[in-house]
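Here's the letter readout for the chains.
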Protein chains: 2
Amino acid sequence: MRKRKAARERMLATKTIEKGLLIVHTGKGKGKSTAAFGLAARAIGNGMKVGVVQFVKGKWATGERTVLERFPDLITVRVMGEGFTWDTQDRQRDLTAARKAWEAAQEFLADPSYRLVVLDELNIVLRYDYLDLDAVLAGLAARDPGQHVVVTGRNAKPALIEMADLVTEMTEIKHPFRAGVKAQVGIEF
Amino acid sequence: MRKRKAARERMLATKTIEKGLLIVHTGKGKGKSTAAFGLAARAIGNGMKVGVVQFVKGKWATGERTVLERFPDLITVRVMGEGFTWDTQDRQRDLTAARKAWEAAQEFLADPSYRLVVLDELNIVLRYDYLDLDAVLAGLAARDPGQHVVVTGRNAKPALIEMADLVTEMTEIKHPFRAGVKAQVGIEF
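Everything numeric in this text was worked out from a predicted model, so none of it was measured.

**Q** I keep staring at the packing of aromatic side chains and nothing clicks. Help me out?
**A** Residue and element names in this part refer to chain A. Under the counting rule described, the total for this entry stands at 2 aromatic pairs over all chains. A ring pair is formed by Phe108 and Tyr114, whose centres lie 4.7 Å apart and whose planes are at 65 degrees; its orientation type is edge-to-face. Take Phe108 and Tyr114: they sit in the same class, and that class is buried. The ring of Tyr114 is capped by Lys49, whose NZ or CZ atom sits 4.4 Å from the centre of that ring. One residue, Arg91, lies across the ring of Tyr130, its end atom 4.8 Å from the ring centre.

This is the structure we're talking about:
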């Protein structure tokens with residue numbers, strides 16, 4: 001008992017909480033997915049296992065994949081099915097794709113060996129009601145308490161922001177594509 | 001001549017400009033350096049050579065370095081000297097360190113084989129007048145027109161924002177450290 005009390009006192013002395021963070025990158029500016037990719041790369045650099053679900057296909061391109069593929073034992077990337085159209089021409093097909101992606105996300109969330117889970121562009125799927133918000137929040141809440149999650153995408157739902165530990169809004173101040181500059185390999189983000 | 005005219009017409013038809021972008025990540029929120037790291041990692045993943053100058057020591061830690069070290073022929077990182085104090089106890093020493101870092105930056109800016117140059121936390125150095133703003137802007141303007149540059153740090157100078165092609169402000173909406181949550185390996189950024 002004395003040992004436990006001493007441990008508890010040491011813990012209180014630090015006045016800190018070790019917990020998995022729910023991080024949201026939202027806003028209309030650039031850098032939401034890029035910063036999430038940066039976090040994923042940093043985590044694998046620290047030897048942490050990372051799971052990534054891309055709710056919108058192709059957001060992370062060749063450059064990201066080349067880097068991440070150097071760490072095949074630490075990173076698993078699941079990309080939403082080819083069939084996802086986003087143009088509501090075939091809403092049923094999109095719903096199926098969104099649910100499949102969320103199933104992949106749930107597998108990561110249920111496996112504490114994944115220390116970081118990136119749910120890239122989940123906010124878009126939630127915004128268009130392809131997934132039930134309450135079910136997603138419940139899935140996030142039920143994860144291992146030490147697991148970090150990053151959710152990206154503009155228009156984050158208020159309830160998700162409420163639940164999050166850290167929320168950053170990326171605001172666009174200036175954007176070159178308005179001035180006719182072409183998207184470029186290696187830099188567009 | 002006909003050949004050249006045709007080429008010009010093709011170029012005009014695309015209505016795009018291929019140029020190196022000057023990108024600024026500023027604001028008080030998280031993600032400025034992380035998104036720059038993500039851009040650097042994406043660029044090396046695309047086989048582009050990247051030069052990084054860290055004006056504040058230790059901002060990119062073990063995780064980042066482990067990832068970047070897998071691509072030793074593509075990335076060069078120069079970290080500002082140990083002597084940098086930032087507490088104005090020895091302003092002359094800080095000035096010397098800042099100038100040395102800017103010299104490293106100028107080497108990258110003068111070498112078009114570096115397709116992307118990251119000047120991490122340069123804004124802080126400019127804010128405290130450790131470097132002459134006009135000299136820095138001139139150095140950026142004189143670089144190879146195809147070279148991309150990312151400048152990070154809060155309180156970006158208005159003249160730098162004016163010159164930039166793409167500016168993103170990271171705004172803090174919620175931050176866990178205010179709630180006593182400890183900075184954690186692999187996730188703090």
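**Q** Sorry if this is basic, but what is going on with the pattern of salt bridges here?
**A** Any two side chains of opposite charge can pair, on the condition that their charged atoms come close. Residues and elements named next belong to chain A. Inspection of the entire model under this criterion finds 8 salt bridges over all chains. In this structure, Lys157 and Asp129 form a salt bridge, with 3.9 Å as the shortest nitrogen-oxygen distance. Of the two residues, Lys157 sits in the loop between β5 (148-152) and α7 (158-163) while Asp129 sits in the loop between α5 (122-127) and α6 (133-141), which places them 28 residues apart along the sequence. Assessed through its relative accessible area of 23%, Lys157 is described here as partly exposed.

**Q** Explanation requested: the side chain of Lys32 of chain B in the structure shown.
**A** Residue and element names in this part refer to chain B. With respect to the helices, strands and loops of the structure, Lys32 is situated in helix α2 (residues 32-45). Buried charge without a salt bridge: Lys32, with Glu121 as the nearest opposite-charge side chain at an N-O distance of 6.1 Å. A distance of 2.8 Å separates a polar side-chain atom of Lys32 from the backbone oxygen of Gly29. Beyond its immediate sequence surroundings of up to four residues, Lys32 is in contact with His25, Thr26, Gly27, Thr152, Gly153, Arg154 and Met170.

**Q** Help me understand unusual backbone geometry in this model?
**A** What you tend to see is this: most non-glycine residues have negative phi, and most peptide bonds are trans. One non-glycine residue, Asp129 of chain A, lies in the positive phi region at around 55 degrees. One non-glycine residue, Asn155 of chain B, lies in the positive phi region at around 55 degrees. Relative to the assigned elements, Asn155 of chain B resides in the loop between β5 (148-152) and α7 (158-163). On the basis of relative accessibility, which here comes to 37%, the residue Asn155 of chain B falls in the partly exposed class.

**Q** Sorry if this is basic, but what is going on with the nonpolar core here?
**A** Most often, soluble globular proteins keep nonpolar side chains buried together rather than apart. Formed by 44 residues in total, the largest nonpolar core has its most connected members in Ile44, Val50 and Trp60 of chain A together with Ile44, Val50 and Trp60 of chain B. For this core, the secondary-structure elements that each account for two or more residues are α2 (32-45), β2 (50-54), α3 (62-68) and β4 (116-120) of chain A together with α2, β2 (50-54), α3 (62-68) and β4 (116-120) of chain B. Discounting residues that sit within four places of it in the chain, Ile44 of chain B has contacts with Val67 of chain A together with Val50, Leu68, Phe71, Leu74 and Ile75 of chain B.

**Q** What is the right way to look at the sheet that holds strand β3 (residues 75-79) of chain B in this model?
**A** Note: strands within a sheet are paired through backbone hydrogen bonds, in either parallel or antiparallel orientation. Spatially, β3(A)-β2(A)-β4(A)-β5(A)-β1(A)-β6(A)-β6(B)-β1(B)-β5(B)-β4(B)-β2(B)-β3(B) is the arrangement adopted by the 12 strands of the open sheet, whose pairing is mixed. The open sheet has two edge strands, β3 (75-79) of chain A together with β3 of chain B, and neither has a second partner. With strand direction ignored, the average angle separating the axes of adjacent strands in the sheet is 15 degrees. With 5 bridges connecting them, β2 of chain A and β4 of chain A associate as parallel partners. Bridging from a neighbouring strand, Gln54 of chain A pairs with Asp120 of chain A of β4 of chain A.

**Q** How should helix α4 (residues 91-109) of chain B be read in this particular structure?
**A** Note: α-helices contain 3.6 residues per turn, so residues at a spacing of three or four share the same orientation. Residues and elements named next belong to chain B. Taking 1.5 Å of rise per residue, 19 residues should cover 27 Å, and α4 covers 26 Å from first to last C-alpha, within 8% of that figure. Looking only at α4, the buried set comprises Asp94, Leu95, Ala97, Ala98, Ala101, Trp102, Ala104, Ala105, Phe108 and Leu109. Buried residues in α4 make contact with β2, β3, β4, α5 (122-127), α6 (133-141) and β5.

**Q** Quick question: what am I supposed to make of α6 of chain B here?
**A** All names here are of chain B. Of the positions making up α6, those classed as buried are Val136, Leu137, Gly139 and Leu140. Angular distribution of buried residues about the axis of α6 spans 160 degrees; they occupy a single face of the element. Exposed positions of α6 whose direction lies more than 90 degrees from the buried face are Asp134 and Ala141. The secondary structure elements touched by the buried residues of α6 are β1 (22-26), α4, β4, α5, β5 and α7.

**Q** Explain the pairing of β2 of chain B to me, please; I cannot follow it from the model alone.
**A** The side chains of a regular strand alternate, first on one face of the sheet and then on the other. Residue and element names in this part refer to chain B. Most of β2 is tucked away, with 5 of its 5 residues classed as buried. Taken together, the 5 bridges between β2 and β3 define a ladder with parallel strand orientation. The residue of β3 that forms the bridge with Gln54 is Val79.

**Q** Before we go on, may I ask you to explain the environment of Thr96 of chain A in this structure?
**A** All names here are of chain A. Position of Thr96 among the secondary structure elements: in helix α4 (residues 91-109). What makes Thr96 partly exposed here is its relative accessible area of 45%. In this structure, the C-alpha to C-alpha distance between Thr96 and Leu131, residues 35 residues apart in sequence, is 9.8 Å.

**Q** What should I look at first to understand the side chain of Asp120 of chain B in this one?
**A** All names here are of chain B. Turning to its location among the elements, Asp120 is positioned in strand β4. By relative accessible area, which is 0% here, Asp120 ends up buried. A polar contact is formed between the side chain of Asp120 and the side chain of Thr152, at a distance of 2.7 Å.

What counts as what
- Residues numbered from 1 in each chain as written.
- Chains lettered and ligands numbered in written order.
- Predicted model: local features only at pLDDT ≥ 70, side-chain atom pairs only at ≥ 80, totals over all residues.
- Heavy atoms only, no water.
- Phe/Tyr/Trp six-rings, centres within 6.5 Å; stacked < 30°, edge-to-face > 60°.
- Buried < 20%, exposed > 50% of the residue type's maximum accessible area, 1.4 Å probe, protein only.
- Lys NZ or Arg CZ within 6 Å of the ring centre and 35° of its normal.
- Salt bridge = Lys/Arg side-chain N within 4 Å of Asp/Glu carboxyl O.
- Helix = DSSP H or I, 4+ residues; strand = E, 2+ residues; numbered from the N terminus.
- Lys, Arg positive; Asp, Glu negative; His and termini not counted.
- Polar contact = N/O pair within 3.5 Å; in protein donor to acceptor, adjacent residues only side chain to side chain.
- Contact = heavy atoms within 4.5 Å.
- Core = buried A, V, L, I, M, F, W, Y, C linked by side-chain atoms within 4.5 Å.
- Pairing = 2+ DSSP bridges.
- Axes fitted to C-alpha atoms, helices over the stretch in contact; angles between N-to-C directions.
- Expected span 1.5 Å × (residues − 1).
- Arc of directions from axis to C-beta.

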